[in-house]
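# Examining the three-dimensional arrangement
Residues per chain, in single letters:
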Amino acid sequence: PSVENTHPHTDCGSTIFVVHNGIIENHAYLADALKREGHWFSSETDTEVLAHLIERVITAKQGSIVLEDAVAEALRHVQGSYGIAVVAKSEPGKIVVSRRGSPLLLGIGDREFFAASDTAALVRHTRRIVYLDDNELGILMPSGYEVRNLRKKPVTKSVELFTGSLQDVEKGGFDHFMAKEIFESPDVIRNALRGRVLYRDGSVKLGALDSASNEFAGIQRIVIVSCGTSYYAGLAGKYMLEELTGIPSEVVYASEFRYASFPLMKHALVIAVSQSGETADTLEAVREAKRKGALTLGIVNVVGSSIAREAGRGIYNYAGPEISVASTKAFISQLTIFVLIALWLGRQRHLSLEAGQEILRELQQLPNKAARILSQSPSVAVIAEKYAANNNFLFLGRMYNWPTALEGALKLKEISYVHAEGLAAGEIKHGPIALITEHFPSIVIAPNDSVYKKMISTIREIKARQGTVIAIAAEGNKEIQKIADETFLIPQTIPLLSPILAVIPLQLFAYHTARVRGCDIDKPRNLAKSVTVE
Ligand code: M6R
């Protein structure tokens, strides 16, 4: 972020101004050509080429072309996605808008007209909305508006009346941001994968790693620093990294890392994970890691945030804004990004092409599998209602799903104020089993993986002590259904990816429990969305 890179962007003579949502994929090629023709660029953005392209058309026609035609002509050269609004000094009182791939709507007011990329921005001004389609262009003037296609042909659009409330718009029809965000999981996974999968190579494209591939290929140790939910994502990330790369990896609470005399040998990579990018402890941990000479990499959702900037190299989640205090979609996205990093590093080492391709195939099926789980939210609600009066829960998992258990417990604690403990299932007999009674239910995560048999033993141990078991198992599993009190089935996937699916019913369980208990779901007491103090 800088003033130069801030919209609107303009042409050489500052006569045309453009705001843009999207990405012009061939901007480098276009900018080179325009620079050769003598155009001067003043920002580092892809958007600026649009202003210069429009300027080029107007100059070629010696000004005898109206702005909408110049915009249409310029857009013929553009690849990528855009929702744009353009004004020109030569035609005051006119805004030209167009879209391809990015949303764009017109608001029809009382002798006033608006353009926006989201209904939420318009509702305060007008409820009469025209939704533009790809390759359409709108002309807004004080006297009226017009929509046409890029070949100048008028298009008749219907004006739709938006009847929902502002809150409905912002929450997308859900009662709470948390529910909306959980239901965004399929898209969040797609966004994390978009443009990054290199199936033929069994690998992925990650700009941050590709641009320093020698440094990344040579790392010998990985330390993950983060807090809360992001810490649990890091814990699963550690398992993924060790399985696919063989590089010794560990995860450390950022609040511990920043103060402990944590030795970082040469060729260490420190990965900082943060949804907000503003968590004070994680930010300081990055600074400390840099001071100790480590290579740093951020996994951050909020673009341009402090951790994203401090880490230098980073991978954005592109999960969209997470409003609810309880982190849900960010966790799913962080896990997906860890798979990508592990794949990239693994393919630099011993991971075979076939193994890489298998993971990519499975990854690409995850959005639909996540959607299948979400469609069963009402079944989770029934289970949650049945157990909502309980004041204690254990969450148990092993290996990849130990972090899932920890995260499930954290979600329940923070939004429903129910005491919950997440445990590595093997630890239960070293103490916690003493807590088990029929009023102290255990949520056991037991997908089909290498520790499945061990999880069955855990379930039997709990049942032998009259404990209640709510199990998360893989579709087709009959064994668990016979012994557990409740079973929620999730689609099968490879063990490495199982936490991405297994956490969804736990997020839903916490949500429905909090609902039944009448809690303030999106703003739980005593909590803030980003913890910017120690
Ligand atoms: O923004 P960050 O990912 O750095 O935040 C870390 C934690 O504060 C955060 O995950 C917190 O634990 C959430 N409330 C969990 O839902």
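Everything below is about the structure printed above this text.
The residue numbers shown here count from 1 along each chain, following its written sequence. For this predicted model, a pLDDT threshold of at least 70 governs which residues receive local features, and a threshold of 80 or more governs which side-chain atom pairs are given and counted, while totals over whole chains, interfaces and linings are taken from all residues. Neither water nor hydrogens contribute to the side-chain values; these are computed over all heavy atoms in the structure.

### Focus on the site of the ligand
Cut-off, in case you're wondering: Here a residue is near a molecule or strand as soon as one of its heavy atoms is found within 4 Å of it. We call two N or O atoms a polar contact when they sit within 3.5 Å, provided that within protein one can donate a hydrogen and the other can accept it, with sequence-adjacent residues counted only if both atoms are side-chain atoms. Only the protein chains shown count as cover for residues, and the accessible areas themselves come from Shrake-Rupley with a 1.4 Å probe. Buried and open spaces are told apart on a 1 Å grid over the protein atoms alone, a cavity being a set of points where a 1.4 Å probe fits but cannot get out and a pocket being an open set with protein on both sides within 12 Å along at least five of seven lines. Residues with an atom within 4 Å of a point are the lining residues. What decides whether a molecule sits in a cavity or pocket is whether more than half of its atoms lie within 2 Å of the grid points. Numbering of helices and strands runs from the N terminus; a helix is a DSSP stretch of H or I covering at least four residues, while a strand is a stretch of E covering at least two. The classification used treats Ala, Val, Leu, Ile, Met, Phe, Trp, Tyr, Cys and Pro as nonpolar, Asp, Glu, Lys and Arg as charged, and all other residues, Gly among them, as polar.
Around the ligand lies a shell of 14 residues, among which Ser230, Ser274, Ser276, Thr279 and Glu414 are the nearest. Within the side chain of Ser230, a nitrogen or oxygen atom sits 2.5 Å from an oxygen atom of the ligand. Ser274 places a polar side-chain atom, nitrogen or oxygen, 2.6 Å from an oxygen atom of the ligand. For the ligand, the protein covers 90% of the area, taking 410 Å² as the surface of the free molecule. Among the detected pockets, the ligand sits in the second largest pocket. Where the shell around the ligand is concerned, the elements lending two or more residues are α10 (228-245) and α17 (401-416). Among the elements that line the shell around the ligand, the one with the most residues is α10, at three residues. For the shell around the ligand, a count of residues per class yields four nonpolar, eight polar and two charged.

### Considering the environment of Leu335
This is how it is decided: Buried, partly exposed and exposed residues are distinguished by accessible area as a fraction of the type maximum, computed with a 1.4 Å probe on protein chains only: under 20%, between the cut-offs, and over 50%, respectively.
With respect to the helices and strands, Leu335 occurs in helix α14 (residues 329-348). Here Leu335 falls in the buried class, since its relative accessible area comes to 0%. Expressed as a C-alpha distance, the spacing of Leu335 and Pro499, which sit 164 residues apart in the sequence, is 8.0 Å.

### Quick notes on the pattern of salt bridges
For clarity, the cut-off: Note on definitions: salt bridges are taken to be side-chain nitrogens of Lys or Arg within 4 Å of carboxyl oxygens of Asp or Glu.
If you walk through the whole model with that rule in mind, you get 31 salt bridges. Residue Glu68 is joined to Lys94 by a salt bridge in which the shortest nitrogen-to-oxygen separation is 2.7 Å. A residue pair is termed long-range when its members are at least 10 positions apart, and Glu68 in helix α3 (residues 67-75) and Lys94 in the loop between β3 (80-88) and β4 (95-100) qualify at 26 residues. Both residues of the pair, Glu68 and Lys94, count as buried. For the salt bridge of Arg372 with Glu475, the shortest nitrogen-to-oxygen distance reads 2.5 Å. Here Arg372, found in helix α15 (residues 353-374), pairs with Glu475, found in the loop between β21 (469-474) and α19 (479-483); they are 103 residues apart in sequence, far enough to count as distant. Accessibility expressed as a relative area gives 26% for Glu475, which makes it partly exposed. Linked through salt bridges whose partners overlap, the residues forming this network are Asp69, Glu146, Arg148 and Lys152.

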